[in-house]
Amino acid sequence: MFLVGLSGGIASGKSTVVSILRELGCAVIDADVIAREVVQRGTPAYNQIISHFGEDVVLESGELDRGKLGSIIFSSPEKRALLNSITHPPIHRAMLKQTLWHFLLGYRYVILDIPLLFETRTLMRYMKLTVLVYCDPQTQEERLIRRSGLSREEVRKRLAAQLPITSKVPLADHVIDNSGDRDSTRRQVLQLHASLESSRGYLPTRIAAVATAAGIMALMWNLARRLWQ
Ligand code: ADP
């Protein structure tokens, strides 16, 4: 099995591409969903966040106030680092668990949908291939205004807080350009899918897994024979 890291920028079309890949039967692990699950009420990360950030970041319902946490870490790099040090280990563990599960199910590759893949870079080294869903900055701004209903000024502020999408292009192995219409994007996703399906990149891990399983069985067989004699 091999891993494919998929990322983009806000409103660049990542969800659009992921839904086509899922339609084609690909296994996609969504880091955003996992990030929400690991801080649900009562989890160790939830308790740690409250002990460091105080009860102020909790809503009346008991859930974390993500908006408040977001604005705290937006203005303080130290607090952002602290929050990341609490949430990243359980997120990575959950992603690993889901990946192993897909491996056992026989998937040749798994696509990891990671919003900050190119920003944090820590997970990039585990990917055989990285894919960027690109959209030219002007179209990105227009689509974000249309989707969010925010003012142009507000949208520009949000876009400025992220790594510009153009600077992610040289970091990616493969780029899907979603600046055009949906049909053009679909065609590019179909091409990516075809190349993933025909890749032999899954063979090394599969051979290693079969060799390990064979080794364990041989060991057990020898042990059983000795006990029998
Ligand atoms: P992301 O997941 O990267 O934030 P989305 O896939 O949600 O981006 O797309 C952002 C917005 O742009 C959505 O409202 C979506 O419907 C729209 N959109 C995405 N791709 C296209 C396209 N090729 N043409 C027109 N609108 C698009």
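This one's a predicted model, so the numbers in the text were calculated from it and none came from an experiment. (Residues numbered from 1 in each chain as written. Predicted model: local features only at pLDDT ≥ 70, side-chain atom pairs only at ≥ 80, totals over all residues. Heavy atoms only, no water.)

### Quick notes on the packing of aromatic side chains
Piece 1. According to the stated counting rule, one finds 1 aromatic pair in the structure shown.
Piece 2. Positioned above the aromatic ring of F2 is the side chain of K128, whose terminal nitrogen or guanidinium carbon lies 5.9 Å from the ring centre. (Phe/Tyr/Trp six-rings, centres within 6.5 Å; stacked < 30°, edge-to-face > 60°. Lys NZ or Arg CZ within 6 Å of the ring centre and 35° of its normal.)

### A closer look at the domain arrangement of the protein
Piece 1. Considered domain by domain, the protein is made up of domain 1 (2–202) and domain 2 (203–229).
Piece 2. With 7 residues of domain 1 at the contact, the number on the domain 2 side is 5 residues.
Piece 3. Of the roughly 510 Å² buried at the junction of domain 1 and domain 2 (both faces included), carbon and sulfur atoms supply 52%.
Piece 4. Three residues stand out in domain 1 for area buried against domain 2, namely F103, R200 and Y202, and they jointly supply 78% of the buried area on that side. (Domains from an automatic or database assignment. Contact = heavy atoms within 4.5 Å. Buried area = accessible area lost by both parts, 1.4 Å probe.)

### Side note on a nonpolar patch on the surface
Piece 1. Residues W101, L104, L105 and Y107 make up a contiguous nonpolar surface patch of about 460 Å² in total accessible area.
Piece 2. Residue placement: W101 occurs in helix α5 (residues 77–104). (Patch = residues over 30% accessible without salt bridge, like charges linked within 9 Å, V, L, I, M, F, W, Y side chains within 5 Å. Areas by Shrake-Rupley, 256 points an atom, 1.4 Å probe, with all protein chains shown as cover. Salt bridge = Lys/Arg side-chain N within 4 Å of Asp/Glu carboxyl O. Helix = DSSP H or I, 4+ residues; strand = E, 2+ residues; numbered from the N terminus.)

### Details of the layout of surface pockets
Piece 1. Here the second largest pocket is characterised by a volume of approximately 400 Å³.
Piece 2. Forming the boundary of the second largest pocket are 17 residues, of which L3, L96, T99, L112 and Y126 lie nearest the centre.
Piece 3. Going through the elements one at a time, β1 (2–7), α5 and α11 (203–228) are the ones with two or more residues in the lining of the second largest pocket.
Piece 4. Considering every element that reaches the lining of the second largest pocket, the biggest residue donor is α5, with 6 residues.
Piece 5. Considering only residue class, the lining of the second largest pocket consists of 13 nonpolar, 3 polar and 1 charged. (1 Å grid on protein atoms, 1.4 Å probe; cavity = no way out; pocket = protein on both sides within 12 Å on 5 of 7 lines; lining within 4 Å. Points joined across faces, edges and corners; volume = space filled by probe spheres on them. Nonpolar A, V, L, I, M, F, W, Y, C, P; charged D, E, K, R; others polar.)

### What about the site of the ligand?
Piece 1. Taken together, 13 residues are adjacent to the ligand, and A11, K14, S15, T16 and R147 come closest.
Piece 2. Here an oxygen atom of the ligand sits 2.5 Å away from a polar atom, N or O, in the side chain of S15.
Piece 3. A distance of 3.0 Å separates an oxygen atom of the ligand from a polar side-chain atom of R182.
Piece 4. Contact with the protein chains removes 79% of the 560 Å² of surface that the ligand exposes when unbound. (Near = heavy atom within 4 Å. Polar contact = N/O pair within 3.5 Å; in protein donor to acceptor, adjacent residues only side chain to side chain.)

### Looking at helix α1 (residues 14–23)
Working note: α-helix, 3.6 residues per turn, so residues spaced by three or four point in the same direction.
Piece 1. All of the buried residues in α1 are K14, V17, V18, I20 and L21. Down the axis of α1, the buried side of the element spans an arc of 160°, and every buried residue falls inside it. Set apart from the buried face of α1 by more than 90 degrees, the exposed residues are S15 and E23.
Piece 2. Contact partners of the buried residues in α1: β1, β2 (28–30), β3 (109–113), β4 (129–134), β5 (174–177) and α10 (182–198).
Piece 3. Just past α1, the residue G25 takes up positive phi, approximately 95°. (Buried < 20%, exposed > 50% of the residue type's maximum accessible area, 1.4 Å probe, protein only. Arc of directions from axis to C-beta.)

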